[in-house]
Structures are given as structure tokens and as C-alpha cells.
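Summary of the model geometry
One-letter residues, chain by chain:
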Amino acid sequence: MMKNRLMILLVLCLNQVIAQNQGEITQFNSALNKFLNVRDFCISENGNEAFFTIQSPLQDISQIAYIKKEGDEWTEPQLMPFSASYMDLEPFLSHDGKRLFFVSDRTLDDSSKQKKDFDIWYVERSGPEKDWSSPKNIGAPVNSDLNEFYPSISKNNNMYFTLESPNGLGKDDIYISRWENGSYSTPQLLDANINSSGYEFNAFVSKNEDFILFSRYNEADGIGSGDLYISLKNDKGSWEKAKNIGTPINTKYMEYCPFYDETNQTLYFTSRRNNLSPKKFDSVSDFQEYIYENNNGLSKIYMTQLKIN
């Protein structure tokens, strides 16, 4: 019975997504249009802090920035205090707001000059107005000599992340590392209802691990080069076969890096959608405003209301 209810909810969810119109999907914050590429995003449970990655045109420079809400307005973006000459990306704030996970190729210690593969790191603080600690590598068994990406943490601290491993089903696969007795267990590959011989990555898991959103690349039922998919967990604790979330969230362009605000039923995601078309411009500034402010094929953060359960 529980499994049937979950499947009905999934069908209703997908039908609702399909019934939306494109106008209901908006850019998160036009102030971020000053950056050429903005990808991956998380927001605090009280909605007063947001963290995201800003990147150079070819994505060879990557830094994590944040904004805070003062009244009804967001502050100007600032770099996180641990910013350095490394690739930092993919922040995820713990549910109590005291730990920020992220991905970096930074060295393990100050004595080394050799950049590492991509690992999962974190910084900590005692409260929202307190200073962040120095970055800490989460260590084995989560991190390895392979690349780990996109951490997402459930309410019981189980971690879902992307791993590039020759032992997976595809090049990029989604794994889980369970929080057991105060430490993370050996990562386990999610089954074929989630992973495939292709590319699965950027998984967001709900607080209670009852649904998972992730990106899949060049799938047979895909709408674009990369699409968002959803899977619900059944009453036996297994993930159901993932479904394409459909249009208009997915487009012929690349959609990835989902984050879901369960309190406000809001989906945030990165997209390279493009609706630019030739037109007459009155001035160079008019041209620049049109190019930068609209959906221009560069990665931007979008948001939409989406009822999942």
C-alpha cells in the first residue's frame, strides 16, 4: 500500500511538473548575473543564507561565494573566507547550519604544494554569525585517490555523493556512505534504479531519504544533453526506478545541480538554457543588459515551485 501511494505521488509530481509553464521558472537572483558562470547552490533552512559556486568562462577557476538576507534583500556576494588558489565548488549546508561541506582539489596540508584529486571537505561554526573554521578533509573511507563530488547529507547524516570509479556501473555514479557510530562507513554504489552505464551525478537527497534528485547525461529518454531525474524510496527501503522530471524544468540544454527546499517546496537547479534571439539594440548598454540579464546559455541558478510529496 505504501509503495502504491509513493508511486501515485510520483505520477502526480511529474504531471504537475509537465503542467507548469516556462514563466514559472525564474532566475534565483538577477544580482548574480554579474558572474559569467554560477553553478550549484544551497540555501539554509531559515532561508537567510545561500551558498553557490562562481566560475571563470572555461570553468578552470572555481570559488564558493555566499549571500545573506537582510530584511527582504540579499547582500552583495562575498567569497568564503577559506578561498585560495584551488578549485572549490559544490557547497552543501548541514541541516543545523553549523557545517558546510564542499569539494576541493586543495592540498591536504600546508607543507604540500601538489594539488590533490577532488575530495569532500568541510568547515564548521558554532552559529550563523560565528566564524568558519579552517577547511578539514573528511578523509577515508569517503575520500580516496579518485574524484569525489557533490555531497548531499540527509537528516541522519548519511552522505550521498558522486564518485568517478572504474568499479561503478558508469563513469560517474552515485554512492552512499552511512553515518554509523560517529563515522562514515565504506561507500556503497546505489543500484541500477539510480545508476547506469552512463553518467549519473549531482544527487540531492531529502532529509528523510524518501526521494532523491540527480542529473543524468545523454540518456535515451532524455530531453537535453543533461536532465534532472527523481526516484522515490518504497516501503522496503529500496529506490524505485528513476523518472525524468520532464519539461519545462528540463530543456534541450543542460540541467544539473538540483537543490530542494522542502519547507517551501522550491526546487533550485543550474541550467544552461538559452532564449536569446536577434533584435535591434538602442545602445551598447542595451545590448549588454539583454545578453547578461536573460537566459543566455551560460550556467545560472533557477528556481521553481515544485510539490514532491
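This report concerns the structure included in the present document. These numbers come from a predicted model, not from an experiment.

The sheet built from four strands is open, its strands ordered E7-E8-E9-E10 with antiparallel pairing. With partners counted over all chains shown, the strands left at the sheet margins are strand E7 (88-93) and strand E10 (136-137), one partner each. By the bridge criterion, four bridges tie E7 to strand E8 (residues 99-104) in an arrangement that is antiparallel. Counterpart to Asp88 in the pairing with E8 is Ser104.

Here the focus is the environment of Gly198. With respect to the element layout, Gly198 can be found in the loop between strand E16 (188-189) and strand E17 (199-205). Between the alpha carbons of Gly198 and Leu32 there is a distance of 32 Å; along the sequence they are 166 residues apart.

This paragraph deals with empty space enclosed by the protein. Summed over all chains, the structure comprises three cavities of 30 Å³ or more. Surrounding the largest cavity, 14 residues form its lining, Ile43, Glu45, His95, Phe259 and Tyr260 being those nearest its centre. Put simply, the parts of the chain that give the lining of the largest cavity at least two residues each are E7 and strand E21 (255-261). In terms of residues, the lining of the largest cavity owes the most to one element, E21, which gives three residues. By residue class, the composition of the lining of the largest cavity is six nonpolar, four polar and four charged. Computed from the structure, the second largest cavity encloses a volume of approximately 80 Å³. Looking at the second largest cavity, the residues that line it are Gln27, Phe28, Asn29, Leu32, Asn33, Phe35, Val38, Ser299, Lys300 and Ile301. Partitioning the lining of the second largest cavity into residue classes produces five nonpolar, four polar and one charged.

This brings us to the sheet that holds strand E1 (residues 26-27). Read from one edge of the open sheet, four strands run E1-E23-E22-E21, paired in antiparallel fashion. Strand pairing shows two members of the sheet lacking a second neighbour, E1 and E21, which therefore form its edges. In the sheet, E21 pairs with strand E22 (residues 266-271) via five bridges, with the strands oriented antiparallel. Bridged to Phe259 within E22 is Tyr268.

A separate point is unusual backbone geometry. Here the residue pair Ala140 and Pro141 is connected by a cis peptide bond, since its omega of 5 degrees sits within 30 degrees of zero. Note that Pro141 resides in the loop between E10 and strand E11 (148-153). Of note, the bond from Thr247 into Pro248 is cis; its omega dihedral lies within 30 degrees of zero at 0 degrees. Relative to the assigned elements, Pro248 resides in the loop between strand E20 (243-244) and E21. Phi at Gln59 is positive, roughly 65 degrees, even though this residue is not glycine. Take Gln59: it is sitting in the loop between strand E3 (49-55) and strand E4 (62-70). One non-glycine residue with positive phi stands out, namely Asn181, at about 55 degrees.

To continue, consider the layout of surface pockets. By volume, the largest pocket amounts to about 350 Å³. Lining the largest pocket we find 17 residues, and of these Arg39, Gln59, Glu90, Phe201 and Asn202 sit closest to its centre. Counting only elements with at least two residues in the lining of the largest pocket, the list comes to E7, strand E12 (159-164) and E17. Among the elements that take part in the lining of the largest pocket, E17 stands out by supplying three residues, more than any other. Of the residues that constitute the lining of the largest pocket, the class distribution is eight nonpolar, four polar and five charged. Of the pockets and cavities examined, the second largest pocket occupies roughly 160 Å³. Lining the second largest pocket are 13 residues, and of these Ile176, Arg178, Leu190, Gly237 and Trp239 lie nearest its centre. Of the residues assigned to the lining of the second largest pocket, the class counts are five nonpolar, four polar and four charged.

What counts, and at which threshold
Residues numbered from 1 in each chain as written. Predicted model: local features only at pLDDT ≥ 70, side-chain atom pairs only at ≥ 80, totals over all residues. Heavy atoms only, no water. Pairing = 2+ DSSP bridges. Helix = DSSP H or I, 4+ residues; strand = E, 2+ residues; numbered from the N terminus. 1 Å grid on protein atoms, 1.4 Å probe; cavity = no way out; pocket = protein on both sides within 12 Å on 5 of 7 lines; lining within 4 Å. Points joined across faces, edges and corners; volume = space filled by probe spheres on them. Nonpolar A, V, L, I, M, F, W, Y, C, P; charged D, E, K, R; others polar.

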